[in-house]
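Breakdown of the fold
Chain by chain, the residues run as shown.
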Amino acid sequence: MSAILKQGAAGITGCLAVIISAAGIITTMICSMMNSAYALSALPAIFVLELLGAVLTVVGIALGGRQDAKKSYGIFPVLAAIVAFMFAIGKLINERILLISGLFTYNSQNAAGWQVFYVTAAAVICLLLAVVLLIVNSFAAPKE
């Protein structure tokens, strides 16, 4: 914990990104398992992308606390985590696009569909928030 606090804002935003990405992973699992009719067919790929993003975020935090953190290789795990999270968001939205179009046009009374939509929206918001925190993390300079 002290190593993270020594990094200052970079360490704190990185830890928050890991926590929020874990919440995104959990809500993605919940949105797929809520109703068997709305199960995600690409859930394994989405899960691997989200897990990869979380692991790369942890690697970025670990590299940010090193003495040679001024070198440019410390930013690569953070950039790869952002890309992984964005691909996961794209796959998640792609899986739900027919549900969303149906809910907002002809099938607006589908209560189960709305519940799945709300949990999917929560998962996307969690992942987007993790991406924003990673972007802030990449601009935050570690303490000297």
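A brief look at the structure comes next. (Residues numbered from 1 in each chain as written. Predicted model: local features only at pLDDT ≥ 70, side-chain atom pairs only at ≥ 80, totals over all residues. Heavy atoms only, no water.)

Concerning the overall build of the protein
- If you tally the helices and strands in the protein, you get five helices and zero strands.
- Reading the helices (α) and strands (β) of the protein from amino to carboxyl end gives α-α-α-α-α.
- In the protein, which comprises 144 residues, the share counted as buried stands at 42%.
- Within the protein, counting contacts between residues at least 6 apart in sequence, those at least 24 apart form 75% of the total. (Helix = DSSP H or I, 4+ residues; strand = E, 2+ residues; numbered from the N terminus. Buried < 20%, exposed > 50% of the residue type's maximum accessible area, 1.4 Å probe, protein only. Contact = heavy atoms within 4.5 Å.)

Considering the side chain of N137
- Locating N137 in the fold gives a position in helix α5 (residues 111-139).
- If we skip the residues at most four places from it in the chain, N137 touches A10, T13, G14 and V78.

Looking at the packing of aromatic side chains
- Taken as a whole and judged by the stated rule, the model has five aromatic pairs.
- With 5.2 Å between their ring centres and 80° between their planes, F104 and W114 make a pair best called edge-to-face. Here F104, found in the loop between α4 (76-103) and α5, pairs with W114, found in helix α5; they are ten residues apart in sequence, far enough to count as distant.
- A ring pair is formed by W114 and Y118, whose centres lie 5.8 Å apart and whose planes are at 35°; its orientation type is tilted. With a gap of four residues between them, W114 and Y118 both fall in helix α5, about one helical turn apart.
- Clustering of aromatic rings is evident, with ring pairs tying together F104, W114, F117 and Y118. (Phe/Tyr/Trp six-rings, centres within 6.5 Å; stacked < 30°, edge-to-face > 60°.)

Topic: the packing of α4 against α5
- Relative orientation of the contacting elements α4 and α5 amounts to 160°, with a least axis distance of 10 Å. Taken together, α4 and α5 sit at an angle that is classed as roughly antiparallel. In the crossing of α4 with α5, the sense of the turn from one axis to the other is left-handed.
- Considering only residue class, the contact of α4 with α5 consists of 23 nonpolar, four polar and one charged. (Axes fitted to C-alpha atoms, helices over the stretch in contact; angles between N-to-C directions. Parallel < 35°, antiparallel > 145°, perpendicular 65-115°, else oblique. Left-handed = near helix turned anticlockwise from the far one by under 90°. Nonpolar A, V, L, I, M, F, W, Y, C, P; charged D, E, K, R; others polar.)

A few points about the packing of helix α2 (residues 9-33) against α5
- Packing of α2 against α5 brings their axes to within 8 Å, and their N-to-C directions diverge by 160°. With respect to α5, the element α2 is oriented roughly antiparallel. When the axes of α2 and α5 are compared, the crossing they make is left-handed.

Worth remembering: the numbers are spatial, not functional.
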